[in-house]
Amino acid sequence: MPAQTVDAAKVKKGASLQESNCGRCHIEDGKEGKDDTPTMASQWLPYLQMQMADYLSGKRKMPEKMEEKVKPLSMAELEALLHFYASVK
């Protein structure tokens with residue numbers, strides 16, 4: 001997998017957000033998924049951004065358990081989470 005550029009400050013913020021918001025389903029920092037949850041670790045950042053945009057626009061249906069965690073987050077927090085997942089090796 002080619003190296004990708006991520007923002008270190010966003011990665012740090014995303015790590016704490018992942019722990020408190022996403023860690024029950026995207027386990028081991030997104031390396032594993034619980035039940036039907038996809039693996040997030042090491043995904044291509046633009047791909048993660050496109051998928052989140054589709055969820056937020058309604059183009060793609062967001063799972064209910066994800067929606068209740070995502071709705072309270074700001075765009076900056078969501079972006080930090082995506083940078084975090086993209087950074088995980």
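Scroll up for the structure.
Here is a short report on the structure shown in this document. These numbers were taken from a predicted model, which means no experiment stands behind them. (Residues numbered from 1 in each chain as written. Predicted model: local features only at pLDDT ≥ 70, side-chain atom pairs only at ≥ 80, totals over all residues. Heavy atoms only, no water.)

As a further point, take the environment of Gly30. With respect to the helices and strands, the residue Gly30 is situated in helix α2 (residues 27-30). The exposure class of Gly30 is buried, given its relative accessible area of 0%. Separated by 20 residues in sequence, Gly30 and Met50 place their C-alpha atoms 18 Å apart. Once residues lying within four places of it in the same chain are set aside, the contact partners of Gly30 are Gln18, Thr39, Met40, Ala41 and Tyr85. (Helix = DSSP H or I, 4+ residues; strand = E, 2+ residues; numbered from the N terminus. Buried < 20%, exposed > 50% of the residue type's maximum accessible area, 1.4 Å probe, protein only. Contact = heavy atoms within 4.5 Å.)

Turning to the environment of Glu67, a few remarks are in order. With respect to the helices and strands, Glu67 occurs in helix α4 (residues 64-70). According to the relative accessible area criterion, Glu67 is partly exposed, its value standing at 27%. Residues Glu67 and Leu45, 22 residues apart in the sequence, show an inter-C-alpha distance of 20 Å.

Within this structure, the stated rule accounts for 2 salt bridges. With its nearest N and O atoms 3.9 Å apart, the salt bridge here joins Asp36 to Lys65. Taken together, the positions of Asp36 in the loop between β1 (32-33) and α3 (45-57) and Lys65 in helix α4 put the pair 29 residues apart, joining distant regions of the chain. Overall, the relative accessible area of 65% leaves Asp36 in the exposed class. Judged by its relative accessible area of 39%, Lys65 is partly exposed. Salt-bridge contacts for Glu67 lead to Lys71; the nearest nitrogen and oxygen are separated by 3.5 Å. Residue Lys71 is classed as exposed on the basis of its relative accessible area of 63%. (Salt bridge = Lys/Arg side-chain N within 4 Å of Asp/Glu carboxyl O.)

On to the nonpolar core, then. Residues Leu48, Met52, Leu78, Leu81 and Tyr85 are the most contacted members of the largest nonpolar core, which totals 20 residues. Where this core is concerned, the elements lending two or more residues are α1 (8-22), α3 and α5 (75-87). Counting residues per element, this core draws most heavily on α5, which supplies 7 residues. Once you skip the residues sitting within four places of it in the chain, Tyr85 turns out to touch Gln18, Cys22, His26, Asp29, Gly30, Met40, Ala41, Ser42, Gln43 and Leu48. (Core = buried A, V, L, I, M, F, W, Y, C linked by side-chain atoms within 4.5 Å.)

We now examine a negative patch on the surface. Taken together, the side chains of Glu19, Glu28, Asp29 and Glu32 define an acidic patch exposed on the protein surface. You can see Asp29 is positioned in helix α2. (Patch = residues over 30% accessible without salt bridge, like charges linked within 9 Å, V, L, I, M, F, W, Y side chains within 5 Å. Areas by Shrake-Rupley, 256 points an atom, 1.4 Å probe, with all protein chains shown as cover. Lys, Arg positive; Asp, Glu negative; His and termini not counted. Charge placed at Lys NZ, Arg CZ, Asp CG, Glu CD.)

Right, let's get into unusual backbone geometry. Unusually for a residue other than glycine, Glu28 sits at a positive phi of about 50 degrees. Within the element layout of this structure, Glu28 appears in helix α2. A positive phi angle is found at Asp35, which is not glycine, with a value near 55 degrees. Mapped onto the fold, Asp35 is located in the loop between β1 and α3.

This is a description of form; function is not addressed.
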